[in-house]
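# Close look at the chain arrangement
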Amino acid sequence: MPGSSGTEDRLDVAVVGAGFSGLYLIHRLRKLGFSVRAFDSAGDIGGTWYWNRYPGARCDVESMQYSYSFDEDLQRDWNWSERFATQPEILAYAQHVAERFDLKRDIRFNTTIAAAHYDEAAQLWTLMTDKGEAIEARFCVMATGCLSAARDPEIKGAARFAGAVYRTGNWPHEPVDLSGKRVGVIGTGSSAIQAIPEIARQAGHLFVFQRTPNFSVPAKNAPLTPDYVASWKDDYPALRKRAREETRSGTIYEFAVKSALEATPEEREAEYQRRWDKGGANFMHAYTDLVVDERASETAAEFVRRKIRAVVKDARTAELLSPKDYPIFTKRICVDTDYYATFNCANVTLVDIRRDPIQEITPTGLRTGAQDFDFDVLVYATGFDAMTGALDRIDIRGPDGRDLRSKWAHGPRAYLGLMSAGFPNLFIVTGPGSPSVLSNVITSIEQHVEFITDCIDHMRAKGLARIDPAQEAEDRWVAHVGEVAGGTLLPKAASWYMGANIPGKPRVFMPYVGGVDRYRRACNDIVAKGYEGFTFA
Ligand code: NA7
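Each value, and the rule that gives it
- Residue positions are given per chain, counted from 1 along the sequence in the order it is written.
- Reporting in this predicted model follows two pLDDT cut-offs: at least 70 for local features of residues, and 80 or more for side-chain atom pairs to be given and counted; totals over whole chains, interfaces and linings ignore these cut-offs and use all residues.
- Where side-chain values are given, they derive from all heavy atoms of the structure, hydrogens and water being excluded.
- In this scheme, strands are said to pair when DSSP sees at least two bridges between them.
- Only DSSP runs of H or I reaching four residues or more are called helices, and only runs of E reaching two or more are called strands; each is numbered from the N terminus.
- For helices, the fitted line uses only the C-alpha atoms of the stretch in contact; every axis is such a line through C-alpha atoms, and the angle between N-to-C directions lies from 0 to 180 degrees.
- Two rings from Phe, Tyr or Trp (for Trp, the six-membered ring) form a pair when their centres sit within 6.5 Å of each other. Planes less than 30 degrees apart are called stacked, planes more than 60 degrees apart edge-to-face, and all others tilted.
- A ring is scored as having a charge over it whenever the NZ atom of a lysine or the CZ atom of an arginine sits within 6 Å of its centre and within 35 degrees of its normal.
- In what follows, roughly perpendicular refers to angles from 65 to 115 degrees, roughly parallel to angles under 35, roughly antiparallel to angles over 145, and oblique to any angle outside these ranges.
- Note on contacts: a residue pair is in contact if any heavy atoms of the two residues lie within 4.5 Å.
- Side-chain classes follow a simple rule in which Ala, Val, Leu, Ile, Met, Phe, Trp, Tyr, Cys and Pro form the nonpolar group, Asp, Glu, Lys and Arg form the charged group, and the remainder, Gly included, forms the polar group.
- Only heavy atoms are used to decide nearness, and a residue is near a molecule or strand if one of them lies within 4 Å of it.
- Under this definition, polar contacts are N or O atom pairs within 3.5 Å; protein pairs additionally need one hydrogen-donor-capable and one acceptor-capable atom, and for neighbouring residues in sequence, both atoms have to be side-chain atoms.
- We get accessible surface area from the Shrake-Rupley algorithm with a probe of 1.4 Å; when it comes to residues, only the shown protein chains can shield them.

Here we come to the sheet that holds strand β14 (residues 365-368). Judged by pairing direction, the sheet is antiparallel, and its three strands sit side by side in the order β13-β14-β15 without closing on themselves. With one partner strand each, in any of the chains shown, β13 (358-362) and β15 (372-374) form the two edges of the open sheet. Ignoring strand direction, the axes of neighbouring strands in this sheet form an average angle of 20°. Summarising the sheet, β13 and β14 pair through four bridges and their orientation is antiparallel. Counted as the bridge partner of I361 is L366 from β14.

Structure, rendered in structure tokens:
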């Protein structure tokens with residue numbers, strides 16, 4: 001039975017990851033009197049914000065909402081400086097939280113968990129580190145993040161490149177001087193869209209190798225005014241409650257009340273323009289049917305394409321930058337500062353590698369079918385093995401020796417995105433099948449951490465040692481996740497939500513699109529019914 005029996009060698013709870021999930025888990029488990037330790041490959045806290053420190057990295061959820069809500073003093077004391085916080089500021093916030101709650105004494109850094117095996121007889125998880133050390137724990141929580149397994153594409157000759165190589169998802173901690181250098185960036189997702197304007201300011205020449213253009217809306221980032229900050233802080237508990245319980249995204253936006261198809265073209269134009277001027281992902285909430293009806297979605301897509309054509313002077317470049325083969329919002333909307341305008345700079349060249357793919361990387365740059373490009377620095381902005389990648393890198397085995405990789409070979413399967421049947425006492429924070437990446441992830445993290453820690457506390461109170469979802473409950477949930485996604489346009493794009501960016505990865509829509517509000521109600525209902533769908537022993 002979990003309780004205060006944790007020792008140095010045998011913990012109540014082992015946590016993998018020391019990002020925003022891991023930090024809150026430590027805090028909450030400790031308060032409940034459990035012994036806990038977190039392990040992280042990184043040299044410090046922060047998770048995704050530790051690794052993604054490329055130029056221009058910032059959050060695309062507004063600062064006043066992208067933060068913990070669990071402690072009123074914390075949210076009142078902390079002061080964000082800008083509407084969209086930079087990566088260094090978010091990391092400073094994480095440091096503040098860790099210090100404030102003295103969290104680091106229960107974190108082991110520079111420690112990668114390579115395996116986690118469950119011993120049924122002992123009812124223990126044994127975690128193996130990359131250094132061969134074993135840690136025993138009654139519960140294991142994977143706080144490994146949805147976008148933490150950065151990937152290099154497999155391109156012939158990659159090892160032969162003689163210049164410097166950087167990755168947006170694992171950027172050096174030391175300053176990188178790109179001034180005057182010739183830089184090649186592969187990828188045009190959110191990370192590249194943030195980095196490219198910054199890199200272009202420094203580089204002698206920047207080649208952007210684009211396979212698929214993305215839709216991006218202007219951030220209109222600015223310093224926060226005292227009045228705006230006060231408007232949040234004065235009402236934080238109620239606003240947070242609203243974000244948690246009444247929104248699909250866990251973020252308060254200006255939500256639509258009307259279908260795009262019911263509006264006249266003039267009304268739509270005015271509404272899109274108003275939201276464009278205000279900036280940020282609020283744009284995607286202009287109408288109720290933008291992610292469910294292709295004709296509605298096309299009205300927003302065409303508005304953005306017109307904006308691209310208006311900004312980008314070279315007509316061919318503007319066309320190349322304009323997405324046409326998937327509905328807007330079916331890939332994560334990007335939020336930028338000067339992205340499209342950057343292509344007006346004389347030192348920036350957009351290369352269409354859809355039409356003329358990269359053949360190989362050479363010692364001096366890369367070669368497409370038609371041309372050779374020479375540069376000094378290569379930047380991979382090629383994304384992540386999202387949602388399942390970090391778990392896939394760990395050899396996770398349940399009581400019968402069955403491994404999670406095999407179980408998930410045809411797509412991830414988890415009850416509520418929290419637990420996978422056959423892997424008792426193993427929780428996943430923001431796992432596949434939960435709102436996770438479709439939400440303000442801190443809102444989702446808090447809800448999962450509270451669910452998991454309440455559950456472990458409940459088990460202690462009831463003298464229960466083992467929890468496992470029933471297979472049938474998991475099957476029903478996975479089917480529900482698929483059905484809800486199928487009612488939207490989201491599965492239509494070859495996105496990382498679908499696993500489409502990883503060769504060989506099953507095409508399954510992974511996050512739960514039903515909304516943070518609905519998901520929370522489902523979880524609460526399940527708890528109220530005595531953890532319906534879970535089996536205890
Ligand atoms: P993304 O959004 O997955 O973007 C990766 C980009 O890299 C995208 O443009 C890809 O093109 C491109 N890519 C990937 N592999 C290749 C190869 N082999 N050749 C050429 N181009 C390639 O990752 P980000 O890091 O930008 O953003 C991920 C999330 O992090 C983001 O949504 C935020 O939530 C934070 P493709 O589209 O596959 O043709």
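From this point on, the discussion continues.
A separate point is the packing of aromatic side chains. Tallied over the entire structure, the rule returns 44 aromatic pairs. Every member of this aromatic cluster is reached through a ring pair, and the members are F20, Y24, W49, Y66, Y68, F70, W78, W80, Y93 and F101. The ring centre of Y50 lies 5.4 Å from the NZ or CZ of R53, which sits over that ring. R460 extends its terminal NZ or CZ atom over the ring of F34, reaching a point 4.0 Å from the ring centre.

A few words now on the sheet that holds strand β7 (residues 164-167). In spatial order, the strands read β7-β16-β8-β9-β12; together these five strands make up an open sheet with parallel pairing. Every interior strand has two partners, whereas the edge strands, β7 and β12 (348-352), have only one. In this sheet, adjacent strand axes meet at a mean angle of 20° when their direction is disregarded. Examined bridge by bridge, strand β9 (residues 205-210) and β12 share five bridges and lie parallel to one another.

Let us look at the packing of helix α14 (residues 441-462) against helix α16 (residues 516-528). One can describe the packing of α14 onto α16 by two numbers: an axis separation of 12 Å at closest approach and a directional angle of 5°. Taken together, α14 and α16 sit at an angle that is classed as roughly parallel. Within the contact between the two elements, α14 uses T443, S444, Q447, H448 and F451 and α16 uses V516, Y519, R520, C523 and V527. In terms of residue class, the contact of α14 with α16 is made up of five nonpolar, four polar and one charged.

Attention now goes to the site of the ligand. Near the ligand there are 19 residues, and of these T188, S190, S191, R211 and T212 occur at the shortest range. One of the backbone nitrogen or oxygen atoms of S190 is found 3.0 Å away from an oxygen atom of the ligand. Here the ligand loses 86% of its free accessible area of 780 Å² to cover by the protein chains. Considering only residue class, the shell around the ligand consists of seven nonpolar, eight polar and four charged.

Attention shifts here to the environment of I333. Tracing the sequence through the fold places I333 in the loop between α10 (315-321) and β11 (334-336). I333 sits 53 residues away from G280 along the chain, and the two C-alpha atoms are 9.4 Å apart.

Attention now goes to the packing of helix α7 (residues 236-246) against α16. For the pair α7 and α16, interaxial distance at closest approach is 6 Å and the crossing angle is 80°. In terms of orientation, α7 and α16 fall into the roughly perpendicular class. Between α7 and α16, the contacting residues are A243, R244, E245 and E246 on the first element and V516, D517, R520 and R521 on the second. Among the residues forming the contact of α7 with α16, the class breakdown is two nonpolar, no polar and six charged.

One can find I452 in helix α14. Apart from the residues within four sequence positions on either side, I452 is in contact with V141, L418, F427, I428 and V429.

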